[in-house]
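Spelled out from the first residue to the last, the chains are:
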Amino acid sequence: MPLTRVVAALVVLCIFGQKPADVPQYKESDFLTRIRRLTVEGRRAGEGYWSPDGQRIVFQSEREPGNPFYQIYVLDLTTGDTKRISPGIGKTTCAFFRPRSDQILFASTHADPKSTQLQEAELAFRASGKERRYSWDYDPEMDIYAYSEKTGALERLTTARGYDAEGSYSPDGQWIVFSSMRDAYNRTLTADEQKMLDVNASYFAEIYIMRADGSGQKRLTQAPGYDGGPFFTPDGSHIVWRRFDAQGLIADVWTMKPDGSEQKQITDFGSMSWAPYMHPSGAYILFASNKLGFENFEVFMVDAQGTKEPVRITYSDGFDGLPVPSPDGKRLAWTSSRSGGAAGQLFLAEWNHERALEAIERAPLRKPRLP
């Protein structure tokens, strides 16, 4: 090893007090066992969220004839039966079971009179043989609805112009936290802001909270850049979400109280870290990051206070993300492209909580990232 590298290594050891050999090395099987694919139908599927009793998962999938966009389905893990609960037209995303209720939350554009036209245009594009890089569409007609499993009724909860989605309930089922881009549509934009809206609409996304009936909508974040993907912690005392920088290149995991106070950055990973979800134990947060390569997303975990370096969980080329532990903390559902191709499907595995606690305990302290 060149002398300069030796000196640099010694400096690192002096600063952080740890030799590279002291950093524990784990493999995927340390945390995940009995990995199996849950969804096989359709072009892609993912974003699976558990019912409070852990018996079902609600997810999104592109599988409807005549509609190339996501619709929402419920999978019964006992019987294997799958049922669509969304209208079947338009685009949908981000479903979530309401605790102590028969309602399921999701976002949809089905009220947009242009829904069928947009579906036909997308089908024609795919049939042409042309290709484009997959990217999420922040449709300004997206609104949040609550579906009743007993009656089949849909209750519209948001009506503001702009993308309203990425919603989830509090543990008591009384509150919904969500992301909204309404600030780009409810006022006159400057020329620079209009240009940003045309290029990167997600820049205007902020975190909001509302009661379960849609009342009392309140904005919680004010920072430039995309704030989204919010979830309540298991005890309901905090919200965990991801915040992009103003350029939309770097994202990190944050927490705050439900009133928007005490906003705290948990990761400083120098990458696109998103889709955070806290384990039911409250000890650590699972999230996805492309730390190891721009198009290689892996699942990581970090201690709830963000004092340690994140620990890698998955080891698969392509996409592994949107990790969600079961209510009892013993299983993990996530979206992965490990079955082949670029599109993801929903996977399930047994989760080793004891090994996770050990890994968190042994993880090195978080290193300050150089500017």
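Residues numbered from 1 in each chain as written. Predicted model: local features only at pLDDT ≥ 70, side-chain atom pairs only at ≥ 80, totals over all residues. Heavy atoms only, no water.

Examining the overall build of the protein chain
Then step 1. The secondary structure content of the protein chain amounts to 5 helices and 24 strands.
Then step 2. Relative to the 2.2 N^0.38 estimate, which gives 21 Å for 371 residues, the radius of gyration of the protein chain is 21 Å and therefore close to what a compact globule would have.
Then step 3. For the protein chain, the spread of C-alpha atoms along the three principal axes comes to 70 × 55 × 45 Å.
Then step 4. A separation of at least 24 residues holds for 47% of the contacts in the protein chain among residues at least 6 apart in sequence.
Then step 5. When the accessible surface of the protein chain is totalled, it reaches about 17300 Å², and 53% of it is carbon and sulfur. (Helix = DSSP H or I, 4+ residues; strand = E, 2+ residues; numbered from the N terminus. Rg over C-alpha atoms; globule rule 2.2 N^0.38 Å. Contact = heavy atoms within 4.5 Å. Areas by Shrake-Rupley, 256 points an atom, 1.4 Å probe, with all protein chains shown as cover.)

Some thoughts on the sheet that holds strand β13 (residues 218–219)
Strand pairing within a sheet occurs via backbone hydrogen bonds; the two strands may be parallel or antiparallel.
Then step 1. What the 4 strands build is an open sheet, ordered β10-β11-β12-β13; its pairing is antiparallel. This sheet does not close on itself; its edge strands, each paired only once, are β10 (164–169) and β13.
Then step 2. Two strands pair when backbone bridges link them, and strand β12 (residues 206–211) and β13 are joined in this way by 2 bridges, in the antiparallel orientation. Its bridge partner being in β13, Tyr208 is matched across the sheet by Arg219. (Pairing = 2+ DSSP bridges.)

A closer look at helix α5 (residues 353–362)
Then step 1. The complete set of buried residues in α5 reads His353, Ala356, Ala359 and Ile360. Buried residues of α5 fall within an arc of 120° about the axis and therefore sit on the same side. What points out from α5, more than 90 degrees from its buried face, is the exposed set Glu354 and Glu361.
Then step 2. Where the residues of α5 are buried, they touch α2 (28–31), β19 (284–289), β20 (298–303), β21 (311–312) and β24 (345–351).
Then step 3. The N-cap residue of α5 is Asn352: its side-chain oxygen and the backbone nitrogen of Glu354 are 3.3 Å apart. (Buried < 20%, exposed > 50% of the residue type's maximum accessible area, 1.4 Å probe, protein only. Arc of directions from axis to C-beta. Polar contact = N/O pair within 3.5 Å; in protein donor to acceptor, adjacent residues only side chain to side chain.)

What to know about the sheet that holds strand β22 (residues 320–325)
Then step 1. Taking strand neighbours across the sheet as the criterion, the 4 strands line up as β1-β24-β23-β22 in an open arrangement whose pairing is antiparallel. Looking at which strands have only one partner, the edges of the open sheet turn out to be β1 (32–37) and β22. Each strand axis lies, on average, 25° off the axis of its neighbour in the sheet, ignoring direction.
Then step 2. As defined by bridge partners, β1 adjoins β24 across 4 bridges and the pair is classed as antiparallel. Counted as the bridge partner of Leu32 is Trp351 from β24. (Axes fitted to C-alpha atoms, helices over the stretch in contact; angles between N-to-C directions.)

As for the layout of surface pockets
Then step 1. Considering only enclosed or pocket space, the largest pocket measures out at about 1600 Å³ in volume.
Then step 2. Sorting the residues of the lining of the largest pocket by element identifies β2 (44–50), β6 (92–97), β10, β14 (227–232), β15 (239–244) and β18 (273–278) as the ones contributing at least two each.
Then step 3. Of the residues forming the lining of the largest pocket, the biggest block, 5 residues, is contributed by β2.
Then step 4. Residues belonging to the lining of the largest pocket are distributed by class as follows: 26 nonpolar, 14 polar and 6 charged.
Then step 5. Taken as a whole, the second largest pocket spans an internal volume of roughly 600 Å³.
Then step 6. As for the second largest pocket, its lining consists of 20 residues, of which Glu122, Arg126, Arg132, Tyr134 and Ser135 are closest to the centre.
Then step 7. When residues in the lining of the second largest pocket are grouped by element, the largest group, 4 residues, is from helix α3 (residues 115–127).
Then step 8. A breakdown of the residues in the lining of the second largest pocket according to their chemical character gives 7 nonpolar, 2 polar and 11 charged. (1 Å grid on protein atoms, 1.4 Å probe; cavity = no way out; pocket = protein on both sides within 12 Å on 5 of 7 lines; lining within 4 Å. Points joined across faces, edges and corners; volume = space filled by probe spheres on them. Nonpolar A, V, L, I, M, F, W, Y, C, P; charged D, E, K, R; others polar.)

Brief notes about the confidence of the model for the protein chain
Then step 1. Confidence along the protein chain averages 92 in pLDDT terms, with 93% of residues attaining 70 or more.
Then step 2. This model gives residues 1–21 a pLDDT under 50, and the stretch forms 8 contacts once residues within four places in sequence are excluded. (pLDDT = per-residue confidence, 0-100.)

Considerations on the pattern of salt bridges
Then step 1. Going through the model one piece at a time under the given rule, you end up with 29 salt bridges.
Then step 2. Of the charged contacts, one joins Arg156 and Asp143 as a salt bridge, the two residues approaching to 2.6 Å between their closest N and O atoms. Of the two residues, Arg156 sits in strand β9 (residues 154–156) while Asp143 sits in strand β8 (residues 143–148), which places them 13 residues apart along the sequence.
Then step 3. What emerges from the salt-bridge pattern is a single network uniting Arg43, Arg44, Glu62, Glu122, Arg126 and Arg132. (Salt bridge = Lys/Arg side-chain N within 4 Å of Asp/Glu carboxyl O.)

What to know about the packing of aromatic side chains
Then step 1. The tally for this structure, following the rule as stated, stands at 22 aromatic pairs.
Then step 2. On the basis of an interplanar angle of 20° and a centroid distance of 6.0 Å, the ring pair of Phe31 and Trp351 is categorised as stacked. Remark: Trp351 occurs in strand β24 and Phe31 occurs in helix α2; sequence separation between them is 320 residues.
Then step 3. Arranged with centres 4.8 Å apart and planes meeting at 55°, the rings of Phe231 and Tyr277 form a pair that is tilted. Of this pair, Phe231 sits in strand β14 while Tyr277 sits in strand β18, and the two are 46 residues apart along the sequence. Comparing Phe231 with Tyr277, the two get one shared label, buried. (Phe/Tyr/Trp six-rings, centres within 6.5 Å; stacked < 30°, edge-to-face > 60°.)

Structural notes on the side chain of Asp102
Then step 1. Relative to the helices and strands, Asp102 resides in the loop between β6 and β7 (103–108).
Then step 2. Buried Asp102, no salt bridge; nearest opposite-charge side chain is Lys150, N-O distance 5.4 Å.
Then step 3. A distance of 2.5 Å separates a polar atom in the side chain of Asp102 from a polar atom in the side chain of Ser148.
Then step 4. Contacts of Asp102, omitting those with residues within four sequence positions, involve Tyr147, Ser148, Glu149 and Lys150. (Lys, Arg positive; Asp, Glu negative; His and termini not counted.)

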